[in-house]
Amino acid sequence: MGDKRIRKRRSANKNSAKQHSDIQSETPDSKKQTNGTPRLNTPNPDWEESGLEDEVMIEDPTDDLYEDAAGRRRRGGKRLSSKSNGDDPSYGRLMGGNGPDARGSLAKDMPNIVLLVVLYLLQGVPLGLVFGSMNFLLKEKLSYADLAIFSLSGYPYSLKLFWSPIVDVYYHPYLGRRKSWIVPIQAITGVALIVLGRRIDGIMAQEEIPVRWLAFVLTVLVFLCATQDIAVDAWALTLLSEENKTYASTAQTIGLNTGYFLSFTVFLALNSKEFCNRYLRSQALDHGLIELGPYLQFWGVAFLLCNLWLIFVTKEEPDELEGLTDIKSVYQTMWNICKAPHMRALIAIMLLGKLGFAANEGVAGLKLLEVGFHKEDLALGVLIDFPLQLMFGYYAARWSSGARPLNPWLYGYAGRMAAGTLGAVLVWVVSKTGPSTTMFFVVLGSIVFRSFAGTVQFVSLGSFFTKISDPTIGGSYMTLLNTISNFGGTWPNYFVLRAVDLFTDATCNIPANATLPDNYDPTVPFRCVDEHSKRICKDTLSGICEVRRDGFYPVSIVSVIIGIMVLYLLVLPNVRWIESLPTKAWRVKRDEGEDDGVETEFVEGKAGLSSVVSHSYKGGRQD
């Protein structure tokens with residue numbers, strides 16, 4: 001980003017923020033490098049004897065706020081005392097090995113990383129059911145229009161921004177800022193899962209599923225998980241040390257993906273009688289090993305047990321952040337954040353950046369079920385992909401810690417666009433040839449590739465969020481970014497499902513000599529757009545369901561075209577500029593009169609899409 005400079009600061013009074021003078025060290029020795037890091041000169045003993053404090057500053061335009069010994073908040077450098085003997089891990093990290101290395105620091109944070117993984121895993125279990133398994137379980141009885149209504153259950157996770165300031169501001173000092181929310185929410189979620197688990201199997205067995213009631217119940221469940229996610233995201237900013245903050249996104253990736261994996265792949269496989277009879281039983285039965293009700297009850301108990309651990313074992317450090325203290329200030333601050341030119345560009349990218357593969361990721365799996373694949377076959381892709389996500393999620397986090405943290409995100413975008421195009425082609429091929437062993441492995445490979453590209457994007461963006469978020473309003477800032485990113489992937493689902501249903505032309509051709517039921521009205525066209533209506537057409541009306549036009553294909557083509565437009569008109573012109581900004585450009589609170597050193601010009605680009613056409617740093621451009 002910029003050349004680091006070494007300077008020595010003399011301060012005769014530790015309690016004064018003004019009484020100091022700067023001495024720039026430009027000696028040749030000060031520029032010597034040891035293992036790629038600056039080598040410090042020996043502190044001046046005369047300064048120590050005269051009672052003056054010798055402070056060593058390493059300046060970097062991306063450094064965060066820090067607090068000196070007198071409690072003064074400073075920016076633009078990492079302060080190290082001249083008396084430091086290497087016991088400070090940050091001293092060893094910056095000086096190139098005079099203290100504990102990065103592995104020792106990571107080991108110290110490992111218990112907190114494990115805690116984050118467990119909390120994210122518990123969140124991932126209900127989310128895996130809502131966003132994954134339930135669509136497959138309900139597809140046999142619901143149309144795409146009904147599934148569109150059901151998809152609204154996931155909206156609270158994408159709209160948590162609106163109540164995140166409440167989570168950030170109100171808390172009980174005894175429990176701590178974050179545990180004040182995590183503990184009661186986990187208790188409510190655990191009880192809700194146990195109660196729902198006792199009724200859900202009876203509801204799912206009904207011929208007519210109460211879509212709106214079930215959607216409402218799962219919306220409440222997602223709301224609870226979303227609220228907990230606000231607190232956990234913010235806790236990660238202070239739970240981990242500065243040098244290990246990028247592992248917060250790794251913990252999130254591992255935890256959420258594990259929970260999602262258990263609720264999607266594992267549950268669908270063990271819930272399927274075909275899978276269990278083929279691979280797990282010697283004698284065939286008419287049910288799977290696990291029903292949805294007991295599965296929900298098991299995780300309800302797991303939530304309660306984790307809650308006991310948080311209450312009696314885990315202690316939250318007192319919150320000493322100089323954050324905002326009232327909701328109005330938080331909302332005003334969030335609005336001010338969104339008004340920044342670089343933030344507007346980032347928001348536009350996150351809201352429109354997933355349109356290119358929305359049709360493939362939201363509908364392709366359901367279409368493969370229609371053409372002959374089993375839900376456990378598709379879930380097997382997640383089983384294979386799961387260990388790859390854990391491994392590559394770690395390396396994606398390290399990849400994202402470089403000078404261009406959004407580079408992996410760009411590669412993931414291209415990968416998901418390619419997977420989206422391939423997905424539509426595979427659905428068409430399988431619809432003509434039928435499922436086969438060869439096509440099964442091809443589809444499996446496309447699922448793994450798509451999921452891998454999504455993981456790379458997720459980790460890259462999460463690492464970037466952790467880097468730029470201001471810990472003074474950590475919950476609201478992280479939630480602002482995560483909410484917009486999640487909403488960018490959620491809001492198209494409803495419209496994609498509705499569009500597929502709207503553009504699909506499928507009718508039941510009834511023979512002239514067929515015996516029709518008394519309640520059948522021949523003047524009303526019978527649309528067979530779901531498995532339930534297809535069974536009625538075949539068994540009750542003695543007809544054949546004829547699909548004249550499948551709405552999935554035109555919707556997929558439009559989705560890919562929009563994705564290409566977004567890439568070239570919005571993403572590429574802005575990403576390099578956004579990731580090159582110094583960290584302080586994203587901060588909320590600045591000292592009076594401080595200049596962030598960034599000049600921006602944000603103009604309206606082609607096709608109505610916003611793009612940044614010029615950007616520079618004062619004192620010289622940096623690419």
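What you are looking at is a predicted structure, and each value in this text was computed from that prediction instead of being measured.

Trainee: What is the right way to look at the overall build of the protein in this model?
Mentor: In terms of regular secondary structure, the protein is built from 21 helices and 12 strands. Per-residue burial for the protein yields a buried fraction of 51% across its 623 residues. Look at the contacts in the protein between residues 6 or more apart in sequence, and 76% of them connect residues 24 or more apart. Just so you have it, the protein exposes about 29200 Å², and 58% of that area is on carbon and sulfur atoms.

Trainee: For this particular structure, what's the right way to read the environment of serine 241?
Mentor: Mapped onto the secondary structure, serine 241 falls in the loop between helix H9 (211–239) and helix H10 (247–271). Judged by relative accessible area, which is 24%, serine 241 ranks as partly exposed. Residue contacts for serine 241: discarding those within four places in its chain leaves Ser105 and Asp109. In terms of polar contacts, serine 241 uses its side chain to reach the side chain of aspartate 109, at 2.5 Å.

Trainee: Quick question: what am I supposed to make of the packing of aromatic side chains here?
Mentor: Two descriptors summarise a pair of aromatic rings, namely the distance from one centre to the other and the angle between the planes of the rings. Enumeration over the complete set of coordinates arrives at 15 aromatic pairs. Between phenylalanine 552 and tyrosine 553 the ring centres are 5.5 Å apart and the planes differ by 65°, which places this aromatic pair in the edge-to-face class. What makes phenylalanine 552 buried here is its relative accessible area of 1%. In this structure an aromatic cluster arises from ring pairing among Phe267, Tyr295, Phe298 and Trp299. We note lysine 160 situated over the ring of tyrosine 157; from NZ or CZ to the ring centre the distance is 4.3 Å.

Trainee: Would you mind showing me how to read the state of the cysteines here?
Mentor: Such a bond, covalent and formed between the sulfur atoms of two cysteines, is termed a disulfide. Counted by the stated rule, this structure contains one disulfide. The partner cysteine of cysteine 508 in its disulfide is cysteine 537, sulfur to sulfur 2.0 Å. As the torsion about the S-S bond is roughly 85°, the cysteine 508-cysteine 537 disulfide counts as right-handed. In this pair, cysteine 508 is assigned in strand S9 (residues 505–509) and cysteine 537 in helix H20 (residues 531–540), connecting sequence segments 29 residues apart.

Trainee: I'm lost on the pattern of salt bridges in this one. Help?
Mentor: Oppositely charged side chains may form a pair once their charged atoms are brought near each other. A full pass over the atoms with the stated rule returns five salt bridges. Measuring nitrogen to oxygen at the nearest pair gives 2.9 Å for the salt bridge that ties lysine 367 to aspartate 550. With lysine 367 in helix H15 (residues 358–370) and aspartate 550 in the loop between strand S10 (544–549) and helix H21 (552–580), this pair connects stretches of sequence that are 183 residues apart. Aspartate 550 gets classed as buried once you look at its relative accessible area, which sits at 18%. Arginine 576 is paired through a salt bridge with glutamate 579; the nearest N and O atoms lie 2.7 Å apart. Of the two residues, arginine 576 and glutamate 579 both sit in helix H21, three residues apart, roughly one turn of that helix. Residue arginine 576 is classed as partly exposed on the basis of its relative accessible area of 32%.

Trainee: When you look at the nonpolar core in this model, what are you seeing that I'm missing?
Mentor: Grouped together as the largest cluster of nonpolar side chains are 87 residues, with contacts concentrated most on Met134, Leu138 and Leu214. It is helix H3 (residues 102–138) that provides the largest number of residues to this core, a total of 16 residues. In this structure leucine 214 touches Met134, Leu138, Phe150, Ile200, Met204 and Ile209, once residues within four positions along its chain are discounted. In this structure, Met343, Ala345, Ala348 and Leu410 belong to the second largest nonpolar core, which totals 41 residues.

Rules used in this analysis
- Residues numbered from 1 in each chain as written.
- Predicted model: local features only at pLDDT ≥ 70, side-chain atom pairs only at ≥ 80, totals over all residues.
- Heavy atoms only, no water.
- Helix = DSSP H or I, 4+ residues; strand = E, 2+ residues; numbered from the N terminus.
- Buried < 20%, exposed > 50% of the residue type's maximum accessible area, 1.4 Å probe, protein only.
- Contact = heavy atoms within 4.5 Å.
- Areas by Shrake-Rupley, 256 points an atom, 1.4 Å probe, with all protein chains shown as cover.
- Polar contact = N/O pair within 3.5 Å; in protein donor to acceptor, adjacent residues only side chain to side chain.
- Phe/Tyr/Trp six-rings, centres within 6.5 Å; stacked < 30°, edge-to-face > 60°.
- Lys NZ or Arg CZ within 6 Å of the ring centre and 35° of its normal.
- Disulfide = S-S within 2.5 Å.
- Salt bridge = Lys/Arg side-chain N within 4 Å of Asp/Glu carboxyl O.
- Core = buried A, V, L, I, M, F, W, Y, C linked by side-chain atoms within 4.5 Å.

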